Amino acid sequence: MILFSFFGSLMIAGVVGFLFEKWGWTHNGILPSVFIAWGAVLVLFFIRSLFGLTLGSPGLDAVVGSAAALILIPTEYATHRRKRKNDRR
């Protein structure tokens, strides 16, 4: 059962990363957004497995973790990078 929840969480994270990029909430590119979301889900899955800390079901952990990682971590860097690129033109 753990294997299904693990791969299901990764699939949900991939969908969340793709949708965040398509909806324009992040500007990292589709593949980097999916990798960032996968990383967040891996961290939350390990925290859930090792310490029993959870927000609810594995699917809810996947959605919340990947959304938080996509919003908090790389969006600021991508904005600064894009501004520097436009300033050089």
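Coordinates for the structure precede this section.
Values in this document were obtained by computation on a predicted structure and should not be read as measured data.

A. Local environment of the packing of aromatic side chains. Enumeration over the complete set of coordinates arrives at five aromatic pairs. The interplanar angle of 55° and the centroid separation of 5.6 Å between the aromatic rings of F35 and W38 together place this pair among those described as tilted. Here F35 pairs with W38, and both are found in helix α2 (residues 30-51), just three residues apart, close to one helical turn. You can call F35 partly exposed: its relative accessible area is 46%. The structure contains a cluster of three or more aromatic residues connected by ring pairs, namely F6, F7 and F45.

B. Focus on the nonpolar core. Counting residues in hydrophobic clusters, the biggest one holds eleven residues: F6, L10, A13, V16, F20, A37, V41, F45, A62, A67 and L70. Per element, the largest residue contribution to this core is five residues, and it comes from helix α1 (residues 2-22). What F6 contacts, discounting residues up to four positions off in sequence, is L42 and F45.

C. Just α1, in detail. A rise of 1.5 Å per residue sets the reference length of α1, with its 21 residues, at 30 Å; its end C-alpha atoms lie 30 Å apart and thus fit the reference within 8%. Regarding α1, the residues found buried are F6, S9, L10, A13, G14, V16, G17, F20 and E21. Down the axis, α1 shows its buried residues gathered within 165° of arc, on one side only. Of the residues in α1, the exposed ones pointing more than 90 degrees away from the buried face are F4, M11 and K22. Contacts made by the buried residues of α1 are with α2 and α3 (58-72).

Reading guide: rules and limits
- Residues numbered from 1 in each chain as written.
- Predicted model: local features only at pLDDT ≥ 70, side-chain atom pairs only at ≥ 80, totals over all residues.
- Heavy atoms only, no water.
- Phe/Tyr/Trp six-rings, centres within 6.5 Å; stacked < 30°, edge-to-face > 60°.
- Helix = DSSP H or I, 4+ residues; strand = E, 2+ residues; numbered from the N terminus.
- Buried < 20%, exposed > 50% of the residue type's maximum accessible area, 1.4 Å probe, protein only.
- Core = buried A, V, L, I, M, F, W, Y, C linked by side-chain atoms within 4.5 Å.
- Contact = heavy atoms within 4.5 Å.
- Expected span 1.5 Å × (residues − 1).
- Arc of directions from axis to C-beta.

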